[in-house]
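So you can see what is in the structure, the chains are spelled out below.
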Amino acid sequence: MMRTVGRVVTISRVELLRFLRERSNIFFVFVLPLALVIFIGLQFGAGASTQLGAVTSDDAAARVLVERIDASDTIDVVPIASADELRSLVSRGNLSGGVVIGEGFDRALDSGAPFEIGYVGRPDGTGQSLRSVVDAAVADHSAVSHAARIAADASGPPLADPL
C-alpha cells in the first residue's frame, strides 16, 4: 500500500514539473483566468447603475415622483422628450426601462381620481425588477398624497386670516 502511494506521489510530482516547465501552460492556467476575472469585474462591477427614462409633464407631483425614483443609489433617471423616443431607446437596449407620467397627475392626486402611469421595460430580469422599484415609488407617493387629502378633509376649511 505504501509503495502505491509513493508511486502516485512520484508520478504526480513528475507531471506537475513537466506541466510547469511549459511557460504557455502557466499563462493559460493562471494568468489568463485571473485577467478575465479582473476585466469582467471592471466592466460590470459594483459601480454600475440602471438607467430609467422618464417622460414627464410640468406637474410638480410628477417631478417629485421622479425625484423619489432617482433617490435610489442603483437607478439613474434620464429625462426623455417623448413616449415614442422612450419606447425606441428601451427596445434598442439603451435604457432598461422607462416611465411615462402624463398631464394632469397633480389634479388626479389632489382629487383622488385614478391616474395611469405608463411603464416600458425590457423583457429581461432588469426590466422587471426596475418595474417593482417604480411601483413601490408610485405607491409611496400616492399614499402620502392620500394621507394629506384625508388630513385636509378632516380639518375642515382653512381659518380666515385674522389680519
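Now for a description of the structure that goes with this document. (Residues numbered from 1 in each chain as written. Predicted model: local features only at pLDDT ≥ 70, side-chain atom pairs only at ≥ 80, totals over all residues. Heavy atoms only, no water.)

### Some points on the packing of helix H3 (residues 60-70) against helix H6 (residues 125-155)
For the pair H3 and H6, the least separation of the axes is 9 Å and the interaxial angle reads 135°. In terms of orientation, H3 lies oblique with respect to H6. For the element pair H3 and H6, the recorded crossing hand is right-handed. Where H3 approaches H6, its residues Ala61, Val64, Leu65, Arg68 and Ile69 are matched on the opposing element by Val134, Ala137, Val138, Asp140, His141 and Val144. Broken down by class, the residue content of the contact of H3 with H6 amounts to eight nonpolar, one polar and two charged. (Axes fitted to C-alpha atoms, helices over the stretch in contact; angles between N-to-C directions. Helix = DSSP H or I, 4+ residues; strand = E, 2+ residues; numbered from the N terminus. Parallel < 35°, antiparallel > 145°, perpendicular 65-115°, else oblique. Left-handed = near helix turned anticlockwise from the far one by under 90°. Contact = heavy atoms within 4.5 Å. Nonpolar A, V, L, I, M, F, W, Y, C, P; charged D, E, K, R; others polar.)

### Remarks on the sheet that holds strand S3 (residues 97-101)
Read across the sheet, four strands follow the order S2-S1-S3-S4 without closing on themselves; strand pairing throughout is mixed. Each having just a single partner strand, strand S2 (75-79) and strand S4 (118-121) make up the two edges of the open sheet. The sheet shows a mean angle of 25° between the axes of neighbouring strands, direction not considered. Sheet topology places S3 next to S4; four bridges connect them, and they run antiparallel. Bridge pairing links glycine 97 to glycine 121 in S4. Lying on the sheet, H6 is in contact with strand S1 (50-56), S2, S3 and S4; it crosses S1 at an angle near 55°. (Pairing = 2+ DSSP bridges.)

### A short note on the pairing of S2
Bridge count for S1 against S2 is five bridges, and the pairing is parallel. By the bridge assignment for S2, threonine 50 is matched with isoleucine 75. Note on the crossover from S1 through H3 to S2: the handedness is right-handed. (Right-handed = clockwise from strand over helix to strand, strands pointing away.)

### Section: the nonpolar core
Residues Leu52, Ile69, Val77, Ile101 and Phe105 are the most contacted members of the largest nonpolar core, which totals 16 residues. Of all the secondary structure elements, the ones that give two or more residues to this core are S1, H3, S2, S3, helix H5 (105-111) and H6. Looking at which element gives the most residues to this core, the answer is H3, with five residues. Setting aside anything within four residues of it in sequence, one finds isoleucine 101 in contact with Val55, Thr56, Ser57, Ala62, Leu65, Val66, Phe115 and Ile117. Counting residues in each nonpolar core, the second largest holds seven residues, with Val55, Leu86, Leu89 and Leu95 among its members. (Core = buried A, V, L, I, M, F, W, Y, C linked by side-chain atoms within 4.5 Å. Buried < 20%, exposed > 50% of the residue type's maximum accessible area, 1.4 Å probe, protein only.)

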